[in-house]
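Residue-level structural notes
These are the residues of each chain, in order.
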Amino acid sequence: LKMDEFVRNLMNRMEERQKIAEMGGQIRHIFLQMLEDSIKSTDTKGSCAYACYLAKQSFDKFTDYNVVYRGGDGQGDGGYLDDQGQSQGHYWLELTTTLGNSFIVDLTADQFGDEPVVVMPLAENNKYISGCQDIIDDHFTDFLNQTLY
């Protein structure tokens, strides 16, 4: 019985990951179109906050997931660890599904040489170190105030 439960939970997590990855890919496609239309480039370098905002709004609107901005400055308060082990300032999302599975979702990891869309179970995370949440929340409050108003 425990093995059946383990396998069922694993299958549910795999299905959730696939659904999140599909939605993330669609959001990234829209985001790249927005970049192309506004700055005539699809280079995602420096655009992670914008991508996070679009993705969070989409996941909030179309799913029942709990979605939180995460990030770090790359200088001692979290960040993304690239393949050379260097910490980079970056933003991404952490979401928790209705089944309680948590994932990292990053739609601009390609700026550091990673896959364009990363959906990683939080338990498998070895690249994303979230910094002080109060600072992240303040950054997004400022970002939204400057962007939307």
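Above this text you will find the structure in question.
Residues numbered from 1 in each chain as written. Predicted model: local features only at pLDDT ≥ 70, side-chain atom pairs only at ≥ 80, totals over all residues. Heavy atoms only, no water.

Our next topic: the sheet that holds strand S3 (residues 87-88). Here we have three strands laid out as an open sheet, ordered S3-S2-S7, and antiparallel in their pairing. Each edge of the open sheet is held by one strand with a lone partner, namely S3 and strand S7 (128-129). For strand S2 (residues 79-81) and S7, the ladder comprises two bridges, and the chain directions are antiparallel. The residue of S7 that forms the bridge with Gly79 is Ile129. (Pairing = 2+ DSSP bridges. Helix = DSSP H or I, 4+ residues; strand = E, 2+ residues; numbered from the N terminus.)

Here the focus is the sheet that holds strand S5 (residues 102-106). With antiparallel pairing, the four strands of this open sheet are ordered in space as S1-S4-S5-S6. One side of each edge strand has no neighbouring strand; the edge strands of this open sheet are strand S1 (66-72) and strand S6 (118-121). The average undirected angle you get between the axes of adjacent strands in this sheet is 25 degrees. As paired strands, S5 and S6 are joined by four bridges and run antiparallel to one another. Paired with Val105 across the two strands is Val119, which belongs to S6. Sitting on the sheet, helix H2 (residues 48-62) touches S1, strand S4 (90-96) and S5, and the angle it makes with S4 is about 15 degrees. (Axes fitted to C-alpha atoms, helices over the stretch in contact; angles between N-to-C directions. Contact = heavy atoms within 4.5 Å.)

It is worth spelling out the nonpolar core at this point. By size, the foremost hydrophobic cluster in this structure holds 25 residues, and its most contacted members are Ile20, Phe59, Leu93, Leu95 and Phe140. Elements with a contribution of two residues or more to this core: helix H1 (2-39), H2, S1, S4, S5 and helix H3 (133-148). Considering every element that reaches this core, the biggest residue donor is H2, with seven residues. Among the nonpolar cores identified, the runner-up in size contains eight residues, and Trp92, Ile104, Ala109 and Val118 belong to it. (Core = buried A, V, L, I, M, F, W, Y, C linked by side-chain atoms within 4.5 Å. Buried < 20%, exposed > 50% of the residue type's maximum accessible area, 1.4 Å probe, protein only.)

Relative to the helices and strands, Asp106 is located in strand S5. Arg28 provides the closest opposite charge to the buried, unpaired Asp106, separated from it by 7.2 Å. Within the structure, Asp106 has its side chain in polar contact with the side chain of His90 (distance 2.7 Å). Within polar-contact distance, the side chain of Asp106 engages the backbone nitrogen of Ala109 at 3.2 Å. Not counting residues within four places of it along the chain, the set of residues in contact with Asp106 comprises His90, Tyr91, Trp92, Pro116, Val117, Val118 and Tyr128. (Lys, Arg positive; Asp, Glu negative; His and termini not counted. Salt bridge = Lys/Arg side-chain N within 4 Å of Asp/Glu carboxyl O. Polar contact = N/O pair within 3.5 Å; in protein donor to acceptor, adjacent residues only side chain to side chain.)

With respect to the helices and strands, the residue Lys127 is situated in the loop between S6 and S7. Of the polar contacts made by the side chain of Lys127, one reaches the side chain of Asp114; its length is 2.9 Å. Ignoring any residue separated from it by four or fewer positions in sequence, one finds Lys127 in contact with Gly79, Tyr80, Leu81, Asp83 and Asp114.

Per the counting criterion, the structure on display carries six salt bridges. Of the charged contacts, one joins Arg17 and Glu124 as a salt bridge, the two residues approaching to 3.9 Å between their closest N and O atoms. With a gap of 107 residues between them, Arg17 in helix H1 and Glu124 in the loop between S6 and S7 connect regions that are remote in the sequence. The class for Arg17 is partly exposed, based on a relative accessible area of 33%. Assessed through its relative accessible area of 47%, Glu124 is described here as partly exposed. Notably, a salt bridge pairs Lys127 with Asp114, separated by 2.9 Å at the nearest N-O pair. Here Lys127 is found in the loop between S6 and S7, whereas its partner Asp114 is found in the loop between S5 and S6, with 13 residues between them in sequence.

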